[in-house]
Amino acid sequence: CMTLVSFSGSGPDQGFFRVSEEYTEECNEMTHVVIIDDSPTDLYVLQKILERNGYQVSTAKNAEEGLALVKSVKPALVLMDVVMPGINGFQATRQMSKDPETASIPVIMVTTKDQQTDRIWGMRQGAKEYLTKPVDEAKLLSVVKSVLGG
């Protein structure tokens, strides 16, 4: 991202500065994270952790809403709960990984399901990482940075 400043004027003493933000697609994608979780408390906690650490965050309260949001904003990363009404997080992750529009967007599953079989199944659906709740802030940030390539 960069800020452009230009000067315009018609005479030697008249003029103004124009400041505008120039955003590239890459700029927004580098830090934009979508959180998909049906728990308002978990959404709030995850959102605050990420925002405190410089990430732009959008949230969705179910997988259907989340999938539409992901297609719309094309985030750099998705944090996905598993247990949700309607489409669950495994199904949503599989849909994302099979859709050419969203296949390149990494997913980190963040869930209370802590069995090894759940972890394996999540990874088979296309998740890049799998964290169990409650999530430790340092661990979350470390995994997010790792998945984003940083």
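Everything here concerns the structure above.
Cut-offs used in this document
- Residues numbered from 1 in each chain as written.
- Predicted model: local features only at pLDDT ≥ 70, side-chain atom pairs only at ≥ 80, totals over all residues.
- Heavy atoms only, no water.
- Pairing = 2+ DSSP bridges.
- Helix = DSSP H or I, 4+ residues; strand = E, 2+ residues; numbered from the N terminus.
- Axes fitted to C-alpha atoms, helices over the stretch in contact; angles between N-to-C directions.
- Contact = heavy atoms within 4.5 Å.
- Core = buried A, V, L, I, M, F, W, Y, C linked by side-chain atoms within 4.5 Å.
- Buried < 20%, exposed > 50% of the residue type's maximum accessible area, 1.4 Å probe, protein only.

Caption draft 1: Up close: the sheet that holds strand β4 (residues 56–60). The strand order across the open sheet formed by five strands is β4-β3-β5-β6-β7, and the pairing between neighbours is parallel. Strands with a single pairing partner mark the edges of an open sheet, and in this sheet they are β4 and β7 (129–132). Each neighbouring strand pair of the sheet contributes to a mean axis angle of 20°, computed without reference to strand direction. As paired elements, strand β6 (residues 107–111) and β7 share four bridges and run parallel to each other. Residue T111 lies in a different strand from β7, and its bridge partner there is T132. Sheet strands touched by helix α2 (residues 40–52): β3 (32–36), β4, β5 (77–80) and β6. Its angle to β4, the strand with the most contacts, is close to 165°. Here helix α3 (residues 63–73) sits on the sheet and contacts β3, β4 and β5; the angle it forms with β3, its principal contact strand, is near 165°.

Caption draft 2: Inspection of the environment of Q125 at higher detail. In this structure, Q125 sits in the loop between α5 (116–124) and β7. Each C-alpha atom, one on Q125 and one on S97, is 7.3 Å from the other, the two residues being 28 residues apart in sequence. Once residues within four sequence positions are removed from consideration, Q125 is found in contact with F90, T93, R94 and S97.

Caption draft 3: Expanded view of the nonpolar core. If you look at the biggest cluster of nonpolar residues, it comprises 20 residues, and the most contacted ones within it are I36, V70, V78, M80, M96 and M109. When residues in this core are grouped by element, the largest group, four residues, is from α3. For V70, the residues in contact, after removing those within four places along its chain, are V34, I36, P75, V78, M96, T102 and I105. Counting 17 residues, the second-largest nonpolar core is a separate cluster that includes V57, L79, V110 and V143.

Caption draft 4: Broad picture of the environment of T31. With respect to the element layout, T31 can be found in helix α1 (residues 25–31). The class of T31 is partly exposed, set by a relative accessible area of 30%. With 20 residues separating them along the chain, T31 and E51 place their C-alpha atoms 9.9 Å apart. Those residues in contact with T31 that lie beyond four places of it in its chain are G54, Y55, Q56 and A76.

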